[in-house]
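If you want the building blocks of each chain, they are given just below.
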Amino acid sequence: MPRPCLRDPAAAPLPPARPDAEAGAQRLDRTRADLAEFLRLRRERLSPAALGLPAGGRRRTPGLRREEVAALAGVGLAWYTWFEQGRNIRVSATFLENLARVLRLDAAERRHLYLLAHQRPPAEPGRTWCTVPPQVRRLMDDLPARPAYILNLRWDVVAWNAAAERVFGFGAQPAGRRNLLWMLFVEPSMRELFVDWPAQAPAMLSTFRRDFAAAAGAPDITELVDELERVAPEFKAWWREHDVQGACIGVRGLRLPALGEMAFEHATLSVDESRHLRLVVYAPAPDEPRAAAFARWLARQPRAAARGSRE
């Protein structure tokens, strides 16, 4: 009978102990009880039938046995037992992914598993979400003098407040074209709105490239890029330069009716990291002389609740 595998097959050989490794072992000692309890509870909530396993008669404990988890995760029973007990052994991302799959962990639980095992959690798969929590809509409503909108990973504008509607005109766009990137490169009104558009547009595009990488080939985002390459020559040229920029804060010039050119500070805040939803807020720069006139200009429009692209 072959001997069971006592080590994660995908893990590298253990090197000689070093001071930093000893420090890591001490940190693991502090979380070993949490790791053991977390894994035990996740085993117990699963039924063998849900994973296609035979019930095997009476079970002393509910859920899956350790040997079943080990077999499904592709490691030996002794090695998995050591891991669940929080012993100082190295694990690979491949093993943790297999274990998360076997235990049917959701995104938050998967991240928690990585942290308990003192591993860097991998990036969540990029997906395009189009729903915004009501609390976020109410937050935007509480910013009557601050244009604010929500972008998803594809840069669809999924919600916005009355000030953003007055400045950017999102509501006038067809639902399928309410996308900041599309508007920036296709809509003439956006070229007029952004002061020095030839400088600002490629800078914004270089920020989008970071999200494109996070999307990892999501079909809807790839389709958007392909279509923009067909209809917008500047997009095609700048996209193929592969510039990447991470800045989500700064000063941007906007050209507004009856007010002329104004300087606005803009910032991007994460409102739901797992769903890649971000809040973009504009405010007149501190030294902007037309700030008061801008507030009066917004006040002349009836105040409306935050809107969304699914309405």
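Note that the coordinates shown come from a computational prediction; the quantities given were computed from them, not determined experimentally.

Procedures and definitions
Residues numbered from 1 in each chain as written. Predicted model: local features only at pLDDT ≥ 70, side-chain atom pairs only at ≥ 80, totals over all residues. Heavy atoms only, no water. Helix = DSSP H or I, 4+ residues; strand = E, 2+ residues; numbered from the N terminus. Buried < 20%, exposed > 50% of the residue type's maximum accessible area, 1.4 Å probe, protein only. Contact = heavy atoms within 4.5 Å. pLDDT = per-residue confidence, 0-100. Core = buried A, V, L, I, M, F, W, Y, C linked by side-chain atoms within 4.5 Å. Salt bridge = Lys/Arg side-chain N within 4 Å of Asp/Glu carboxyl O. Polar contact = N/O pair within 3.5 Å; in protein donor to acceptor, adjacent residues only side chain to side chain. Arc of directions from axis to C-beta. Pairing = 2+ DSSP bridges.

Engineer: Now, about the overall build of the protein: what can you tell me, with residues and values included?
Structural biologist: Regarding its fold elements, the protein presents 13 helices and 6 strands. A buried classification covers 42% of the 311 residues belonging to the protein. Intrachain contacts of the protein at a sequence separation of at least 6 include 57% that bridge at least 24 residues.

Engineer: Lay out the confidence of the model for the protein in plain terms, naming residues and giving numbers.
Structural biologist: The predicted model of the protein has a mean per-residue pLDDT of 83, with 81% of residues at 70 or higher. Confidence over residues 1-7 falls short of pLDDT 50; this stretch has 9 contacts with residues more than four positions distant or in other chains.

Engineer: Account for the nonpolar core, with residues named and values stated.
Structural biologist: In this structure, Tyr149, Phe168, Phe185 and Phe194 are the most contacted members of the largest nonpolar core, which totals 44 residues. Excluding its chain neighbours within four sequence positions, the residues that come into contact with Phe194 are Phe168, Leu184, Gln200, Met204, Arg252, Gly253, Leu254, Arg255 and Tyr282. Listed in part, the 25 residues of the second largest apolar core include Ala70, Tyr80, Leu96 and Ala100.

Engineer: Just give me the short version of the environment of Leu205, but keep the residues and values in it.
Structural biologist: Structurally, the position occupied by Leu205 is in helix α10 (residues 197-215). In the structure, Leu205 is positioned 34 residues away from Trp239 in sequence and 7.4 Å away in space, judged by C-alpha atoms. Among residues more than four places away in sequence, those in contact with Leu205 are Leu181, Phe185, Phe235, Trp238 and Trp239.

Engineer: How would you sum up the pattern of salt bridges? Please name residues and give values.
Structural biologist: This model, assessed by the stated rule, comprises 17 salt bridges. The partner of Arg210 in a salt bridge is Asp211, and the shortest N-O contact between them spans 3.6 Å. Here Asp211 and Arg278 are joined by a salt bridge, their closest N and O atoms 2.8 Å apart. In this pair, Asp211 is assigned in helix α10 and Arg278 in strand β5 (residues 277-284), connecting sequence segments 67 residues apart.

Engineer: Report on the side chain of Asn179, specifying residues and quantitative values.
Structural biologist: Here Asn179 is to be found in the loop between α7 (162-168) and α8 (180-186). Reaching out from Asn179, the side chain makes a polar contact with the backbone oxygen of Arg154 at a distance of 2.8 Å. A polar side-chain atom of Asn179 sits 3.0 Å from a polar atom in the side chain of Asp156. In contact with Asn179, not counting residues within four places along its chain, are Arg154, Trp155, Asp156, Val157 and Leu224.

Engineer: Give me the lowdown on helix α6 (residues 134-141), citing residues and values where you can.
Structural biologist: Those residues of α6 that sit buried are Val136, Met140 and Asp141. One side of α6 carries all its buried residues, which in axial view fall inside an arc of 145°. Its buried side turned inward, α6 meets β1 (148-151), β2 (157-160), β4 (260-272) and β5.

Engineer: Can you explain the pairing of β2? Please cite residues and give values.
Structural biologist: Pairing of β1 with β2, which is carried by 3 bridges, proceeds in the antiparallel orientation. Considered in β2, the bridge of Tyr149 is made with Trp160. Counted along the chain from β1 to the antiparallel partner β2, the turn is 5 residues long, and its residue Trp155 has a positive phi close to 70°.

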